[in-house]
Amino acid sequence: MRKKIVAGNWKMNLDLDEGAELVNEIFKGLPVLSENCQVVIAPPFIHLKETGEQLTGMIDVHLGAQNCHHESSGAYTGEVSAGMLKSAGVEYVIIGHSERREYMKEDDAMLAKKVNQALTNGLKVIFCCGEPLEIRDNNTQNTYVESEIKAGLFHLSEKQLNNIVLAYEPIWAIGTGRTATSEQAQDMHAHIRSVIANQYGEDAAYAISILYGGSCKPSNADELFACPDVDGGLIGGAALKAKDFLGIIEAMANS
Ligand code: PGA
């Protein structure tokens, strides 16, 4: 059975005290999860050590980072390598988030290198894809998302794919309060699974977890997670409030 995952992406929010408090609250409210359910918390880099310590003993909650560099080391002021993340106890890294594609000009070639760095250093990757509004309006979202997946991941072996989680995040739904309908999410997730099946076979496609991201909250998580190809969520804004994040975790546990 493939994994269900709810991952919280804090983005550039919360200072150290606020982050520690949030993790504490999540710890207190965390429901008992079945073996195929996982929670990931991806705070900013400076939190990783402390958040990791707080997570010790919480077997269902895993530490994630929001980015890694595409080279292993060197003169890259301000950057953090995948190996450094691994040494800080990180298990997952988010790669290809639309905010980094747009604001940091991360292109397909760079993202493929980042994926390699992450896997070489023993990290699992949450690889994001998703179309902007004009592509959705043209109804060309399927080919757009397919090309992001091909460029970022198709150089990998089937074995390497075991360490990849996909996150479909329509850009028009991120932080906008406008969520994809469960039908739009299901259609795209099924398409993504067929793209994986064509390249890696049905078994690999069946096994890979595909998360939905974009204004996911407790009030819509039940419906989204009920879709057969939606295996959880990548959560931004609602991951910053324990009550909301726990509500989404509950929705995963009940799905
Ligand atoms: P949002 O962000 O939940 O605030 O829309 C999702 C994301 O960017 O991962």
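Residues numbered from 1 in each chain as written. Predicted model: local features only at pLDDT ≥ 70, side-chain atom pairs only at ≥ 80, totals over all residues. Heavy atoms only, no water.

Novice: Outline the pairing of strand 2 (residues 37-42), supporting the account with residue identities and numerical values.
Specialist: Along strand 2, six of the six residues are buried, which leaves the element largely enclosed by surrounding structure. Taking every second residue as pointing to the same face, both faces of strand 2 are buried, with Cys37, Val39 and Ile41 on one and Gln38, Val40 and Ala42 on the other. This β-α-β element, strand 1 (residues 4-9) to helix 1 (residues 16-29) to strand 2, shows right-handed connectivity. Bridging between strand 2 and strand 3 (residues 61-65) involves three bridges; their strand directions are parallel. (Buried < 20%, exposed > 50% of the residue type's maximum accessible area, 1.4 Å probe, protein only. Helix = DSSP H or I, 4+ residues; strand = E, 2+ residues; numbered from the N terminus. Right-handed = clockwise from strand over helix to strand, strands pointing away. Pairing = 2+ DSSP bridges.)

Novice: Please set out helix 9 (residues 182-200) residue by residue, giving values where relevant.
Specialist: Helix length check: helix 9 (19 residues) gives 26 Å between terminal C-alpha atoms against 27 Å at 1.5 Å per residue, within 8%. For helix 9, the complete set of buried residues consists of Ser182, Ala185, Gln186, Met188, His189, His191, Ile192, Arg193, Val195, Ile196, Ala197 and Tyr200. Gly201 sits one or two residues past helix 9 and shows a positive phi near 100°. (Expected span 1.5 Å × (residues − 1).)

Novice: Give a detailed account of unusual backbone geometry, specifying residues and quantitative values.
Specialist: Its identity as a non-glycine residue notwithstanding, Lys105 has a phi of 55°, on the positive side. Inspection of the secondary structure assignment puts Lys105 in the loop between helix 4 (98-103) and helix 5 (108-120). With a phi angle near 55°, Ser215 is a residue other than glycine that sits in the positive phi range. On the secondary structure map, Ser215 appears in the loop between strand 7 (210-213) and helix 11 (218-225).

Novice: Tell me what's going on with the sheet that holds strand 8 (residues 232-235), and back it up with residues and numbers.
Specialist: Spatially, 1-2-3-4-5-6-7-8 is the arrangement adopted by the eight strands of the closed barrel, whose pairing is parallel. Going across the sheet, the axis of each strand differs from the next one's by a mean of 30°, ignoring polarity. Where strand 1 meets strand 8, four bridges bridge the pair, whose relative direction is parallel. Bridging across to strand 8, Ile5 finds its partner in Gly232. The sheet strands contacting helix 2 (residues 48-55) are strand 2 and strand 3, and the helix crosses strand 3 at an angle near 170°. (Axes fitted to C-alpha atoms, helices over the stretch in contact; angles between N-to-C directions. Contact = heavy atoms within 4.5 Å.)

Novice: Explain the state of the cysteines residue by residue, including any values.
Specialist: All told, the structure shown has zero disulfides when counted by the stated rule. Cys37 takes part in no disulfide bond, and the closest cysteine sulfur to it belongs to Cys216, at a distance of 14 Å. Free of any disulfide, Cys129 has its nearest cysteine sulfur in Cys128, 7.5 Å distant. Overall, the relative accessible area of 3% leaves Cys129 in the buried class. (Disulfide = S-S within 2.5 Å.)

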